[in-house]
Amino acid sequence: MTSIVERSVGRPLGRVEGPAKVTGEARYAAEFPVEDVTYAWVVQSPVARGTLRSVVVDPTTEDDDMLAVLWHGNAPEIAAAADPELAVLQSERISYRGQVVALVVARTLEAARRAAQVMQLDIDVEPHDAQLAVDHPDLYTPETVNPDFPAVSERGDFNTAFNSAPVTIDVRYATPALHNNPMEPHATIALWEGDDLILYDSTQHSSGVAATMGPIFGLTPDRVHVIAEHVGGGFGSKGSARPNAVLAAMAAKVVGRPVKLVLPRSALFSMVGYRTPTLQRLRLGAEPDGRLTAIGHESVEQTSRIYEYAEQTTVVTRHMYAAANRFTSHRLVRLDVPTPRWMRAPGEAPGMVGLECAMDELAEKLGMDPIELRVRNEPDAEPESGKPFSSRHYVECLREGARRFGWEGREQRPRLRREGDWWIGTGVAGATYPAMVQPSVARVRTLTDGSAEVAIAAADIGTGARTILTQIAADELDLPVDRVRVLLGDSTLPRASVAGGSSGSASWGWAVTGACRELRRTGGSEVTFDSTELVKKQETDGKHAYGAHFAEVRVDAVTGEVRVTRLLGVYAAGRILNPRTARSQFIGGMTMGLGMALHEEGVMDPATGDWVNHDLAEYHIPVHADVESVEAHWLDEQDDDLNPMGSKGVGEIGIVGSPAAIVNAIWHATGIRVRDLPVRLDKILPHL
């Protein structure tokens, strides 16, 4: 039967929760009204390594407002978790500066904060090491990198091929520590109802938090109810249970009342993860016609003493360009620093800075157009596994981007175009991100008025997931979108995968599609569908989204100031489910890439082991005045080998490659190669 309802998927539907957000009706974690709530404030270690002997509360704070001061000397014992960072207040050992060492609970926020500020800590301070170096004596090779890729990959004979190549590039690039800084800080309200735990938590994975928190407190996951109806961003830092959830639950148990804990902005720099700094070496060998014969990409990174996290920085190079001889590796050093974690496009974002800037340097050495160099090294299949691509339209993205950007006729030599005090240049870089999908479960039921309710414990962290799932269900059920209601952000709903890895829409959409189709097939009133078995059967290799970034910059010849005049991206990301929300994700990633290229940098003081710029006054991010023109376009790409919707993720690819396009454009404008990000004016001015 032909549908009489207009298809919704593919239309730029506005966010279904938009009115609730702009009117303040939408509630975030710390905003839920809870009766008799108390307030907690964290006390963080002022040293990078040592032993906490005791805590002393200022006598002036001993008043009726104080309820509890928890530290390892009196905190309840909790079960160990797979993530040692969740073993809060369980040990006297201090492993990094900013680690939580105590928690104050009071009747008012002001009282809790004041008591934490004046608390005295008796600490035996020990020497620490917080400085990453390419020749650090404690460097080692991990077995795997995030999530489970081999740390080292070799094909052919890289050293021989590189040493005998007619044209070679051997360069080093460095990216600094970067901090997620979502708009909504990490926050939890915890309350106990008998032996059941309720958490209003700012998280990207309510199902995962319930599964983690239950065993910590001796509960089965179904006894933990996690509510995350609206989440104000995460960029990966809320992808798993964080210490704030454990602390709030522990404190609520102790004081016998609900506890609200909102981490201050400064704590987000140390307690919830960040992107590791990377020290990368790129070696490219090529024939005079530009065809690569050898690709080598190595990365040195840091992790903490208490938990190993290895960013997959060079894995992206395993998929990008053809070359018979290849070597990629990762080395780590454990330092007295906070544990790095996921941050938007972990691995791909820093790795493509090194690879795509090195490709630009090779193009310069060959006297070749950088787009043509990339086209000549386009692989027919996965460069390392030989598996066929489900779809790959990288070259088409380069061609279409060049057309839209006006690349034709670009002079290859640098420092030729000047307008007044401004040197002007353009740059290009490629982009890719894996098309991932994870098992999820969805429930669909028809209501007595003919409308439908879709339930899945997904998280909408500002990406538009709630809207996209509404569109998918509406089409599958042949209903108008206003007749479909989507419930998400609640761990008591059918289990969902994490909102991460650009996999949300693909994973949750598959489960919703399956439930809707089964409902129509059976004619029933309620169906639950689990995609696990179907997802397990799917081949994962050869599935990627691709893109190309183009940048135009102007550099002040007097001050060294850099302005990005234009930033344009063209993507091949499968079927675009909602052009409005997709464009928002693309340009958001590109803007974050601009910040990575020019602004963002966590500055570590080796003497103290502290991020010295741990607030948004000194940790610079792009503001409106920094973003002049950002355009996102995409190809109509059909790939039936992905999921029922034919979609690939769009949440992270915008930050992949866009920093390199800007760095390459700066070279084209000035003739100056800056190989350590961000490109500050003090790195340019001495060479102008």
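Anything mentioned here points back to the structure above.
Residues numbered from 1 in each chain as written. Predicted model: local features only at pLDDT ≥ 70, side-chain atom pairs only at ≥ 80, totals over all residues. Heavy atoms only, no water.

Asker: Help me get a handle on the environment of Asp 196, residues and values and all.
Answerer: If you trace the backbone, Asp 196 turns up in strand S12 (residues 196–201). When the C-alpha atoms of Asp 196 and Val 224 are compared, they prove to be 6.0 Å apart, with 28 residues separating the residues in sequence. With sequence-adjacent residues up to four places away left out, Asp 196 is seen in contact with Leu 191 and Arg 223. Among the polar contacts made by the side chain of Asp 196, one reaches the side chain of Arg 223 at a distance of 2.3 Å. (Helix = DSSP H or I, 4+ residues; strand = E, 2+ residues; numbered from the N terminus. Contact = heavy atoms within 4.5 Å. Polar contact = N/O pair within 3.5 Å; in protein donor to acceptor, adjacent residues only side chain to side chain.)

Asker: Report on the sheet that holds strand S13 (residues 224–227), specifying residues and quantitative values.
Answerer: A sheet is described by the order of its strands in space; here seven strands give the open sequence S3-S5-S1-S14-S11-S12-S13, paired in mixed fashion. The two strands at the open ends of the sheet, each matched to only one other strand, are strand S3 (66–71) and S13. Strand-to-strand twist of the sheet, defined as the mean angle between neighbouring strand axes without regard to direction, takes the value 20°. In the sheet, S12 pairs with S13 via four bridges, with the strands oriented parallel. Of the residues in S13, the one forming a bridge with Leu 197 is Val 224. Strand contacts of helix H5 (residues 243–255): strand S1 (38–44), S3, strand S5 (100–106), strand S11 (187–193), S12 and strand S14 (259–262), with the helix running at about 35° to S11, the strand carrying the most contacts. (Pairing = 2+ DSSP bridges. Axes fitted to C-alpha atoms, helices over the stretch in contact; angles between N-to-C directions.)

Asker: Mind laying out helix H11 (residues 504–522), listing which residues take part and the relevant values?
Answerer: Relative to the 27 Å expected for 19 residues at 1.5 Å per residue, H11 spans 27 Å between its end C-alpha atoms, a close match to the ideal helical length. Phi turns positive, to about 75°, at Gly 523, one or two residues after H11. (Expected span 1.5 Å × (residues − 1).)

Asker: A description of the sheet that holds strand S19 (residues 422–434) should follow, citing residues and the corresponding values.
Answerer: What holds strands together in a sheet is hydrogen bonding between their backbones, with the strands either parallel or antiparallel. If you walk across this open sheet you meet the five strands as S18-S19-S24-S25-S28, and the pairing is mixed. Looking at the sheet topology across the chains shown, the edges are occupied by strand S18 (418–419) and strand S28 (630–634). Of the strands in this sheet, S19, strand S24 (544–556) and strand S25 (562–572) are in contact with helix H14 (residues 658–670), which crosses S19 at around 155°.

Asker: Please give an account of the packing of helix H10 (residues 465–477) against H11 that cites residues and values.
Answerer: Packed helix pairs are characterised by how far apart their axes lie and by the angle those axes make with each other. Running from amino to carboxyl end, H10 crosses H11 at an angle of 25°, the nearest separation of the two axes being 9 Å. One finds that H10 runs roughly parallel with respect to H11. Crossing handedness for the pair H10 and H11: right-handed. Of the residues in H11, those in contact with Ala 465, Ile 468, Leu 469, Ile 472, Ala 473, Glu 476 and Leu 477 of H10 are Ser 505, Trp 508, Gly 509, Val 512, Thr 513, Cys 516, Arg 517, Leu 519 and Arg 520. In terms of residue class, the contact of H10 with H11 is built from 10 nonpolar, three polar and three charged. (Parallel < 35°, antiparallel > 145°, perpendicular 65-115°, else oblique. Left-handed = near helix turned anticlockwise from the far one by under 90°. Nonpolar A, V, L, I, M, F, W, Y, C, P; charged D, E, K, R; others polar.)

Asker: Can you lay out the pattern of salt bridges for me, pointing to particular residues and giving the numbers?
Answerer: Counted by the stated rule, this structure contains 51 salt bridges. The partner of Glu 126 in a salt bridge is Arg 93, and the shortest N-O contact between them spans 2.7 Å. With Glu 126 in the loop between strand S6 (120–125) and strand S7 (144–145) and Arg 93 in strand S4 (residues 93–94), this pair connects stretches of sequence that are 33 residues apart. A salt bridge links Glu 364 to Arg 673, with the shortest nitrogen-to-oxygen separation between them at 3.1 Å. (Salt bridge = Lys/Arg side-chain N within 4 Å of Asp/Glu carboxyl O.)

Asker: Tell me about helix H2 (residues 109–118), and please be specific about residues and values.
Answerer: An α-helical segment advances 3.6 residues per turn. Residues three or four places apart therefore align on the same side. When H2 is considered as a whole, its buried residues turn out to be Ala 111, Ala 112, Ala 115, Ala 116 and Val 118. The elements touched by buried residues of H2 are S1, S3, S5 and S6. (Buried < 20%, exposed > 50% of the residue type's maximum accessible area, 1.4 Å probe, protein only.)

Asker: With reference to specific residues and values, describe the pairing of strand S2 (residues 50–56).
Answerer: By the bridge criterion, two bridges tie S2 to S4 in an arrangement that is antiparallel. Within S4, the residue paired with Gly 50 across the bridge is Ile 94. Here S2 pairs with S6 via six bridges, running antiparallel. Across the sheet, Val 56 pairs through a bridge with Gln 120, a residue of S6.

Asker: Kindly report on the nonpolar core, identifying the contributing residues and their values.
Answerer: Counting 99 residues, the largest nonpolar core has Leu 292, Leu 362, Phe 550, Val 553, Phe 586, Leu 598 and Ile 662 as its most contacted members. Sort the elements by how many residues they give to this core and helix H7 (residues 348–366) lands first, with 10 residues. Non-local contacts of Ile 662, meaning those with residues more than four positions away in its chain, are made with Ala 551, Val 553, Val 564, Leu 567, Leu 594, Ala 597 and Leu 598. (Core = buried A, V, L, I, M, F, W, Y, C linked by side-chain atoms within 4.5 Å.)

Asker: I'd love a proper account of the side chain of Arg 242, names of residues and values included.
Answerer: Within the element layout of this structure, Arg 242 appears in the loop between S13 and H5. With residues up to four places along the chain from it excluded, the contact list for Arg 242 reads Asp 83, Leu 86, His 186, Ser 237, Met 271, Val 272 and Arg 341.

Asker: Please provide a residue-by-residue account of the packing of aromatic side chains, values included.
Answerer: Tallied over the entire structure, the rule returns 14 aromatic pairs. Residues Phe 389 and Tyr 546 carry aromatic rings whose centres are separated by 6.5 Å and whose planes lie at 90° to one another, so their mutual orientation is edge-to-face. Of this pair, Phe 389 sits in the loop between helix H8 (370–376) and helix H9 (394–405) while Tyr 546 is found in strand S24, placing the two residues 157 residues apart along the sequence. Taken together, the ring pairs connect Tyr 321, Phe 389, Tyr 394 and Tyr 546 into an aromatic cluster. Lying across the ring of Phe 162, Arg 283 places its NZ or CZ 5.7 Å from the centre. (Phe/Tyr/Trp six-rings, centres within 6.5 Å; stacked < 30°, edge-to-face > 60°. Lys NZ or Arg CZ within 6 Å of the ring centre and 35° of its normal.)

Asker: Go over the pairing of S19, please, and point to the residues and values.
Answerer: With respect to burial, S19 is a largely interior element, 11 of its 13 residues being buried. As paired elements, S18 and S19 share two bridges and run antiparallel to each other. Following the sheet pairing, Glu 419 is matched in S19 by Trp 422. Between S18 and S19, which pair antiparallel one after the other, the connecting turn spans two residues, and Gly 420 there sits at a positive phi close to 65°. When S19 meets S24, the two strands line up antiparallel, connected through 13 bridges. Looking at S24, one finds that Pro 434 is bridged to His 544.

Asker: How would you sum up the state of the cysteines? Please name residues and give values.
Answerer: As enumerated under the stated definition, the model contains zero disulfides in all. Among the cysteines around Cys 357, which has no disulfide bond, Cys 397 carries the closest sulfur, lying 19 Å off. (Disulfide = S-S within 2.5 Å.)

Asker: Hey, could you go over the packing of H7 against H14 for me, with residue numbers and the actual values?
Answerer: With their axes 8 Å apart at the nearest point, H7 and H14 run at an angle of 35° to one another. Taken as a pair, H7 and H14 cross one another with a handedness that is right-handed. Packed against H7, whose contacting residues are Met 352, Val 353, Glu 356, Cys 357, Asp 360 and Glu 364, the element H14 presents Pro 659, Ala 660, Val 663, Asn 664 and Trp 667 at the interface. Taken together, the residues of the contact of H7 with H14 break down into seven nonpolar, one polar and three charged.

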